[in-house]
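# Analysis of the macromolecular model
Chain by chain, the residues:
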Amino acid sequence: MAPGDLQRDANQSRLTPTIFALATGAPPTAIAIVRISGPATLALLTRLTGRALPPPRRLSRRTLRDPTTDDAIDTALVAVFPAPASVTGDDVAELHLHGGLAVVAAALAMLRRAGAIPAAAGAFTRRAFDNGKLDLGQVEALADLIAAETDGQRRAALGRTGTELAHHVDRWRTVLTDIRADIEATLDFAEDDDVAARPFDVADERLCALAGELRTIRAQTERGGRLRDGVTVAIVGPVNAGKSTLLNALARRDVALVSPLPGTTRDAIEVRVDLGGVLVTIVDTAGVRDTSDVLEVAGIRRGQLRAEQADIVVALGSTAFPNAIHVVSKSDRTSEGAGWRGGALHLSATTGDGIDLLESHLAARVSELTALGEPAFIAAQWQQAALDGAIASIETAQHISVAALVAEELRRTSLELERLIGRVSSATLLDHVFARFCIGK
Amino acid sequence: MLTFDVIVIGGGHAGCEAAAAAARTGARVALVTRSTDDLGVLSCNPAIGGLGKGHLVREIDALDGLLGRVGDAAALHFRLLNRSKGPAVQGPRAQVDRKRYRAAMLEAIAAEPRIAVIVADVVGFAAGSKTAIDTSTGPIGAGAVVVTAGTFLAGTLHHGRTITAGGRAGSAPAGALARAIAGLGLPRGRFKTGTPPRLDGRTIDWAGVDLQPGDAVPTYLSDATLPSERAMLPCGVTRTTPATHRIVRDHLDETPTYGGDFAGPGPRYCPSLEDKVVRFGDRDGHNIFLEPEGYDDATVYPNGISTALPPSVQAELLTTIPGLERAVIRQSGYAVEYDYVDPRALTPALMVRGRPGLFLAGQINGTTGYEEAAGQGIVAGINAARFAAGQSPVILDRATSYLGVMIDDLTHLGVSEPYRMFTSRAEYRLSLRIDNAADRLTPIGLACGVIGSARSARFAARTAALTEARARVAALSATPAALARAGIEVNQDGVARSAEAWLAHPAVDWPVATRLWPELCATPPDIADVVATDAHYGLYLSRQAIEIANFRADETLALADGICFDTIAGLSPEMVERLTAAQPTTFGAAVRVAGVTPGALSALLAHVRSAT
Ligand SMILES: Cc1cc2nc3c(=O)[nH]c(=O)nc-3n(C[C@H](O)[C@H](O)[C@H](O)COP(=O)(O)OP(=O)(O)OC[C@H]3O[C@@H](n4cnc5c(N)ncnc54)[C@H](O)[C@@H]3O)c2cc1C
């Protein structure tokens, strides 16, 4: 290591704090894992164990002692992940402690006394991002992954934290750079025979294929959006039609009840259920009746809005919603039992008879909407905007014939793709031109 | 000791432009060169302008520089390149008479009373002062020095495998100056370039080649040039044959490139014949443009067959080219290898970092071409004069000009091969056009006093005419029905639109507009060009305006001079290294440094924001 590097490392350790956090749930747990990241990590570990560092990336048994009091805190398994091959790109250590309340509290207090700083929310991810370990899209996906409540969400987020989206964008950028290089060649080397022999054609197959792929991914992000945010089902109908009973019946089934969100009776009540791996939010809108209660009017209005925005509407005892799933409840009072009759599903929310029919029907509609099984991408708002922009500029480019303007539209496409990840400089573009053409003056 | 405000070393394209620019701002200038014959020498082909390069010429002209005027005065053939591809990518080019070019340049320099041409060989920097020099005729002092030594720093000439010291055929290299520059400890590299054999035009079979006349109505390099009656000459076009390529292949090991004499790369876009044959072996021929070198000079420059093959092989391969079978070589082609300074050692004012008052411009900074050299010359000349006068530097950014694009590329990204301008280097290409070069740059030139009185008066008139024309196209209007009556097919949506809006329609160009609105006939053609093109690109220009605003916002986030990136929290050693090498002067420049991650940029942004 050159003296300059040492100097720089010293500077870095002064500037980048060493952070720590409990990586497992609230104690007591069977094991508690404390993760430490930052330039002082390795030195810290040596002090806490009083021994040489264990070999990298291997769990080793060590007794942890408080360096100020020399009290033993726990016999733990420790592992070190030296920079840059670690999750954050900085030196990282993990302490696998016995998960009792007292042990964990003592360990965290000891780390603080030793000079490390409790990590703020997202601090580890931020370090990984700063060290170029994650791009913005991956950071976003990681956050989604941590927050994922259903299996479909988890899979979609995983697809993105991996290199899948980055991989696609990389390939698109290569194709686009090739196409742009062809166009630029016709503009910057007009005189040259070899280039003039291949005029650029906007019906270029590569361009059509690229536009098609972008549209496909855009559709996948729409599905992904439904996976992340879930599908909303609104139950609508007049007061006392039995909407709440139906909601409860759906929620009481063996589908996992994710979280009941308390609402007011005047407003909407929501439950979130996992239907076939998709998060489904079922909303019980306030019943429609004539009232002069200001609060209630507002609640009803909100309920109607919610119904308008819902992906699926279940209409109970009402025919006012044309595209809804029509349900006739309280079938326990009639003799016919549950089943589809006259375009409506007859069921009894009280006995649960026919609820399975509704549930499987809902599940089918939900999987239609999310097209589970087909690839999905969860994209953040800004990523979707970038995709939309890229598609719009490519489509415009396909409809103009002036090369300088096609070039400008495709430059915008590149910028939008850059917004998704990384970027391309015009030097890269020129490299492509020169690799493939013989250019004279 | 002789003292001046500014010393310019070297009388090539960069040197002449730098000296003239500094003098126009009022500085007293010493132009030190080895011979007055060096002024206006075109080392390579007898042409000025072209794609991208034509933009640079117009921008230099807009700053009242010499290249365009001198080129027009010497031209024997004009061509507007990319005529059919739209105004943003058109580039004017002129073939010039070499002797006339030199005479016109000499005249332009002589016309500037504040320039003293001093014939001497510069051997180094004077001890004790950062801005005084030692020459073969004694020391000279100044407030600022501009070095424009071209291909002369430690230059070697290669004819086949024979190597001689030299900066250009017939000129000795600048050995002492090269050592003095090396002594400054600046990072350097080696590049090579080449030139074709010069032919005796009387021995060319002109009947055996195609003739290409120039444009009937010339597009001049300078907007100050008045039409002339001078007769124009055609150029010839012929092509290499498979037999030519065979000979080249047979003798490859006798060339410096493939024999292994060269350390540095050459320009990919101006490849030697041997490079073309090796890299594009599948082609059965490459074009050769036969360019006349003068009205009373039979020498012909065969553009396209730059070569460093041994002279005897050069003669042999001509026999395989239609029209050149019996051509006699007047001067053999050769290659030159030379030192350049990594331009990342310079500020965007082209001043050496950590060496106040010392400026570098031209091929010494790793560029190739007259226009690139002259463009740096004018910027370095202005800034050297300002430095000597204690004024702040003038920096052109990427949104103002190709000059700004070039200098930003050079000083931030550096060079990996000789740098040449292309329109695709300019992201705001639709906004940076030859028709509006004056509007973009003359105001900046006026503010720093580099514009002479004649151009200044012309520009005032132009601005008034432009304002009037813009108001007129905004005020005049027509309905779709009126256009239909005039025989122009447009969508009949019944909505009346302004002339400006109609000009954005592909069917409505300026001649059509003058039929619809005869009031527009009086608009001068150069003004009409700007107004029509702005309207034509309108949608794109307004989008670019937003992009430019964002870009400028990044550019105004200045990074402190000599910033230590290793003191910024959150930057990895690799990012520190990249940024330290590039020395971005603004946050915007850091964004453009290759390989800098979004994470590093966010850390840098946090730093800049907290520092201010
Ligand atoms: C063989 C050759 C082939 C080329 N081929 C091409 C090409 O194919 N395409 C292209 O675009 N460009 C080409 N060029 C480049 C083009 O000629 C240059 O880019 C341009 O001329 C550079 O201008 P400049 O002002 O930087 O340097 P130059 O025009 O080289 O001027 C340098 C000046 O400095 C003077 N000088 C040097 N040292 C000293 C000293 N110690 N004391 C006093 N004066 C000194 C010299 O006498 C000379 O007048 C070629 C150049 C050469 C030599």
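Along each chain, residues carry numbers from 1 onward, in the same order as the chain's sequence is written. The lettering of chains begins at A and the numbering of ligands begins at 1, in the order of writing. Residues qualify for local features only when their pLDDT is at least 70, as the model is predicted, and side-chain atom pairs are given and counted only at 80 or more; totals for whole chains, interfaces and linings, by contrast, use all residues. Values reported for side chains reflect all heavy atoms of the structure, with hydrogen atoms and water molecules removed beforehand.

## Here's the deal with the overall build of chain A
Counting from the N terminus, the helices are the DSSP runs of H or I reaching at least four residues and the strands are the DSSP runs of E reaching at least two. When helices and strands are tallied, chain A shows 15 helices and 14 strands. Counting all 441 residues of chain A, 49% fall into the buried class. In chain A, 61% of the contacts between residues at least 6 apart in sequence involve partners at least 24 apart. Split by element, the accessible area of chain A, about 20,000 Å² in all, is 55% carbon and sulfur. Each residue gets one of three labels from its accessible area relative to the maximum for its type: buried under 20%, exposed over 50%, partly exposed in between, using a 1.4 Å probe on protein chains only. What makes two residues a contact is simply this: any of their non-hydrogen atoms within 4.5 Å. Exposure was quantified through the Shrake-Rupley algorithm and a 1.4 Å probe, taking into account, for residues, occlusion by the shown protein chains and nothing else.

## Some remarks on the site of the ligand
Being near a molecule or strand, for a residue, comes down to having at least one heavy atom within 4 Å of it. Around the ligand sit 34 residues in total, of which Ala14(B), Asp38(B), Cys44(B), Gln363(B) and Gly369(B) are the nearest. More than one chain reaches the ligand: its neighbouring residues belong to chains A and B. Within 3.5 Å is the distance limit for a polar contact, defined as a pair of N or O atoms, with the added protein rule that one can donate a hydrogen and the other accept it, and that residues adjacent in sequence qualify only through two side-chain atoms. Interatomic distance of 3.1 Å between a backbone N/O atom of His13(B) and an oxygen atom of the ligand. Between the ligand and Gly194(B) there is a distance of 3.2 Å, counted from a nitrogen atom to a backbone nitrogen or oxygen. For the ligand, whose accessible area on its own is 980 Å², the fraction buried by protein is 98%. Mapped by element, the contributors of at least two residues to the shell around the ligand are helix 1 (13-24), strand 12 (188-195), strand 19 (334-341) and helix 10 (370-388) of chain B. No other element matches the three residues that strand 12 of chain B contributes to the shell around the ligand. Of the residues belonging to the shell around the ligand, the class tally is 13 nonpolar, 16 polar and five charged. In this count, Pro and Cys sit with the nonpolar residues alongside Ala, Val, Leu, Ile, Met, Phe, Trp and Tyr, while Asp, Glu, Lys and Arg are called charged and the others, Gly among them, polar.

## Focus on the environment of Arg485(B)
All names here are of chain B. Topologically, Arg-485 is positioned in helix 14 (residues 480-485). Residue Arg-485 is classed as exposed on the basis of its relative accessible area of 69%. For the pair Arg-485 and Asp-435, spaced 50 residues apart in sequence, the C-alpha separation works out to 32 Å.

## Things to note about helix 17 (residues 525-536) of chain B
Residues and elements named next belong to chain B. In a regular helix each residue adds 1.5 Å, so twelve residues correspond to 16 Å; helix 17 covers 16 Å between its end C-alpha atoms and thus fits that length. Within helix 17 the residues assigned to the buried category are Ile-527, Ala-528, Val-530, Val-531, Ala-532, Thr-533, Asp-534 and Ala-535. Elements that come into contact with the buried residues of helix 17 comprise helix 12 (437-447), helix 13 (453-475), helix 15 (499-502), helix 16 (510-516) and helix 18 (538-556). The span expected for a helix works out to 1.5 Å for each residue beyond the first.

## So, the confidence of the model for chain A
The quantity known as pLDDT measures the predictor's confidence residue by residue, on a range of 0 to 100. For chain A, the average pLDDT comes to 74, and 66% of its residues sit at 70 or higher. pLDDT under 50 marks residues 422-441 of chain A. Its contacts with residues more than four places away, or in other chains, come to 72 contacts.

## Section: the state of the cysteines
A disulfide bridge is the covalent bond that connects two cysteines by way of their sulfur atoms. All names here are of chain B. Here, two cysteine sulfur atoms that lie within 2.5 Å of each other are counted as a disulfide. Enumeration over the complete set of coordinates arrives at zero disulfides over all chains. Here Cys-235 is not cross-linked by a disulfide; its sulfur's nearest cysteine counterpart is in Cys-44, at 15 Å. Residue Cys-235 is classed as buried on the basis of its relative accessible area of 4%.

## Quick notes on unusual backbone geometry
Both trends apply: most residues other than glycine have a negative phi, and most peptide bonds are in trans. Note the cis peptide between Ala83(A) and Pro84(A), where omega equals 0°. Looking at where Pro84(A) falls in the secondary structure, it is placed in the loop between strand 4 (72-81) and strand 5 (92-98). Not every positive phi belongs to a glycine, and Gln583(B) is a case in point at roughly 45°. Its place among the elements puts Gln583(B) in the loop between helix 19 (573-582) and helix 20 (587-591).

## What to know about the packing of helix 2 (residues 53-62) of chain B against helix 10 of chain B
Residues and elements named next belong to chain B. One can describe the packing of helix 2 onto helix 10 by two numbers: an axis separation of 9 Å at closest approach and a directional angle of 30°. Taken together, helix 2 and helix 10 sit at an angle that is classed as roughly parallel. The crossing of helix 2 and helix 10 is left-handed. Together, Lys-53, Leu-56, Val-57 and Ile-60 of helix 2 and Glu-371, Glu-372, Ala-374, Gly-375 and Ile-378 of helix 10 make up the contact between the two elements. Of the residues assigned to the contact of helix 2 with helix 10, the class counts are five nonpolar, one polar and three charged. Axis angles are defined between N-to-C directions and span 0 to 180 degrees, where every axis is a line fitted to C-alpha atoms and, for a helix, only to the segment in contact. Small angles under 35 degrees read as roughly parallel and large ones over 145 as roughly antiparallel, with 65 to 115 read as roughly perpendicular and the rest as oblique. Crossing chirality is assigned from the near helix's rotation relative to the far helix, an anticlockwise turn below a right angle marking it left-handed and a clockwise turn marking it right-handed.

## Re the confidence of the model for chain B
The predicted structure's coordinates, where accompanied by low pLDDT, should not be read in detail. Mean pLDDT over chain B: 92, with 99% of residues reaching 70 or higher. Reported for the predicted complex are a pTM of 0.77 and an ipTM of 0.85.

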